[in-house]
Every structure is written in structure tokens, then in C-alpha cells.
Amino acid sequence: MKLILLGPPGAGKGTQAKMLTERFDIPQVSTGDILRAAVKEGTPMGVKAKSFMDAGGLVPDEVVVGIVHERLQKDDCVKGFILDGFPRTVPQADALKQTLAALDKNLDKVLSLEVDTEALIGRLTGRRTCRECGRGFHVTFDVPEVEGKCDSCAGELVQRDDDQEETIRKRLEVYGQQTMPLVDYYRGEGLLATVDGMLDIDVVQAEILSALRAS
Ligand code: AP5
Ligand code: MG
Ligand code: ZN
């Protein structure tokens, strides 16, 4: 299964990707997670990416295209993968097409998660993320068993640097300008399925599975 999860910041891409990973035993490829790991390690790429991320903007296409190109060649992607947060611009989508053609692979589906703007802001300001494994929680919608600790690894839950309201609004604006055109792009390729991302987490997952069965 080769999937793209498309949707604005806070739509639930990471949440749903983690659930799909367990179900299908294929990896989640999140450019945001890979970039945050590079920032944490202080690699040259991380140092370069940090200023774009903190400002709520996009990291240059050539950087993320290179990351994904390399990642999709790894053995664990043979059965499939879930792209989360990539592609985010038309040039990234075109580059992905080339990478997949070279690997003789085709996308099965592009799932677009649709959520109202005000709901997105509430989700992102209330999000807490595990410092160790990156799993996401929410102070109201996805409460951890022990406050401040990750259910998976007991790591400390922290707020992401870019989850401040001003940065969130900037990220949403960037999504509207640069990423939204991909909805039509993939509709044109006959790959798009839209999913109501306003529903509860488990219901969204069920909707995704039913969209995948329909394909
Ligand atoms: P990235 O990490 O991809 O962030 P994003 O796209 O802004 O998306 P989020 O991770 O914030 O949201 P999500 O959809 O994963 O939601 P989640 O499941 O966590 O990118 C970060 C930055 O990296 C970018 O701004 C950019 O600078 C850079 N970058 C990354 N990829 C790039 C690329 N391809 N090109 C260039 N730059 C790139 O859910 C959010 C919260 O809501 C959680 O608390 C969750 O518990 C809760 N929640 C989830 N689902 C539901 C539900 N159904 N009901 C209620 N609550 C819910
Ligand atoms: Mg995410
Ligand atoms: Zn954890």
C-alpha cells in the first residue's frame, strides 16, 4: 500500500499515519519528523531547516525531495509506505512522480483530510508530543494515561516549537497557498479520496479504511 496523507497542519495526518502503520505494517514517512530529528541532532540540514520551520514556512523543495528520495529506497518501504506531510508543493509532487517511476512503483491513494480552520487551531495549541518517540497526544481529545507522559514509551510530553498560535496561523496560510493546489493535482490523476477529518480519531480511521477498500 503506497499512500499520501494530505491535509492542513493539525488535520490528523500523524495520528492517522501511526494507526495505518500498525495495521498494514508499512512505515510512516513524515518529512516533519525527519526534519525535527535533524534539528535535534544539529546536522547541517537541521541547522538550515530550523529557521524555516520556526517561522512556519516551508523548507526548500530540494532539501525535502532529497530526504524522501533516499528514504523510499530503504528496504522497509518495499511493501509500501505512508507519506505524511510530503509532497507539499507542486514541484515536490512532480519530483515524487519521478522517484516512484525510477523505483517502478505507483501510488495507490491520496487521502485528503478535511478539517475547519478553527478546529485546527484548537488541535495544535492543545497538542502534546513525546520528546522520545514523537507520538502525538491532545490535552482534551487524546489524553495520555499518565499526565505529561507518553503511553508508548513513558517519554516526556512537550509542546512543539511551531505550535504557538502566531506560527500556526502562518502555517495555515502557507498550506492554503502552496499545498492546497495538490488536492486538484491528485484529483486530476484519479487518486484522490477526501475524508471528513472533523470526526473522532477512530471514526476517521474507519473512513480511511473504507476509502482504501473502495479503491
Ligand atoms: P509537519 O510536522 O508535517 O507539520 P504539519 O503539516 O504542520 O502538520 P502537523 O504535524 O502539525 O499536524 P498533523 O496533521 O500531523 O496532526 P496530528 O495528527 O499531530 O511539518 C512541520 C514543518 O516542517 C513545516 O511547517 C515545514 O517547515 C517543515 N516541512 C515538513 N514537511 C515539509 C515538506 N514536505 N516541504 C517543506 N517543508 C516541510 O494532530 C494534531 C492534534 O490534533 C494532536 O494533538 C491530535 O491528538 C489531535 N487530533 C488528531 N486527530 C483528531 C481528531 N479526529 N479529533 C480531535 N483531535 C484530533
Ligand atoms: Mg504531523
Ligand atoms: Zn513516546
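Parameters and conventions
Residues numbered from 1 in each chain as written. Chains lettered and ligands numbered in written order. Predicted model: local features only at pLDDT ≥ 70, side-chain atom pairs only at ≥ 80, totals over all residues. Heavy atoms only, no water. Axes fitted to C-alpha atoms, helices over the stretch in contact; angles between N-to-C directions. Helix = DSSP H or I, 4+ residues; strand = E, 2+ residues; numbered from the N terminus. Parallel < 35°, antiparallel > 145°, perpendicular 65-115°, else oblique. Contact = heavy atoms within 4.5 Å. Nonpolar A, V, L, I, M, F, W, Y, C, P; charged D, E, K, R; others polar. Buried < 20%, exposed > 50% of the residue type's maximum accessible area, 1.4 Å probe, protein only. Arc of directions from axis to C-beta. Pairing = 2+ DSSP bridges.

## Observations regarding the packing of helix H2 (residues 31-41) against helix H4 (residues 61-71)
Direction vectors running N to C along H2 and H4 enclose 105 degrees, while the axes themselves pass 11 Å from each other. Of the possible angle classes, the one that applies to H2 and H4 is roughly perpendicular. Contacts between H2 and H4 involve Thr31, Ile34 and Leu35 from the first element and Val64, Ile67 and Val68 from the second. When its residues are assigned to classes, the contact of H2 with H4 shows five nonpolar, one polar and no charged.

## Section: helix H3 (residues 44-54)
Looking at H3, one finds that the buried residues are Gly46, Ala49 and Met53. The arc that holds the buried residues of H3, viewed along the axis, is 70 degrees, so those residues lie on one side. Along H3, the residues that are exposed and aim more than 90 degrees away from the buried face are Pro44 and Val47. At its buried positions, H3 is contacted by H2 and helix H7 (165-179).

## Thoughts on the sheet that holds strand E6 (residues 136-138)
Taken together, three strands build an open sheet; the order of strands is E6-E5-E7 and the sheet is antiparallel. Unpaired on one side and paired on the other, E6 and strand E7 (157-158) mark the two borders of the sheet. Bridge analysis of strand E5 (residues 127-130) against E7 gives two bridges, and the strand direction is antiparallel. In the sheet register, Thr129 faces E7, and the bridge partner there is Val158. Strands in contact with helix H6 (residues 117-125) are E5 and E6; relative to E5, the strand with the most contacts, it is inclined by about 45 degrees.

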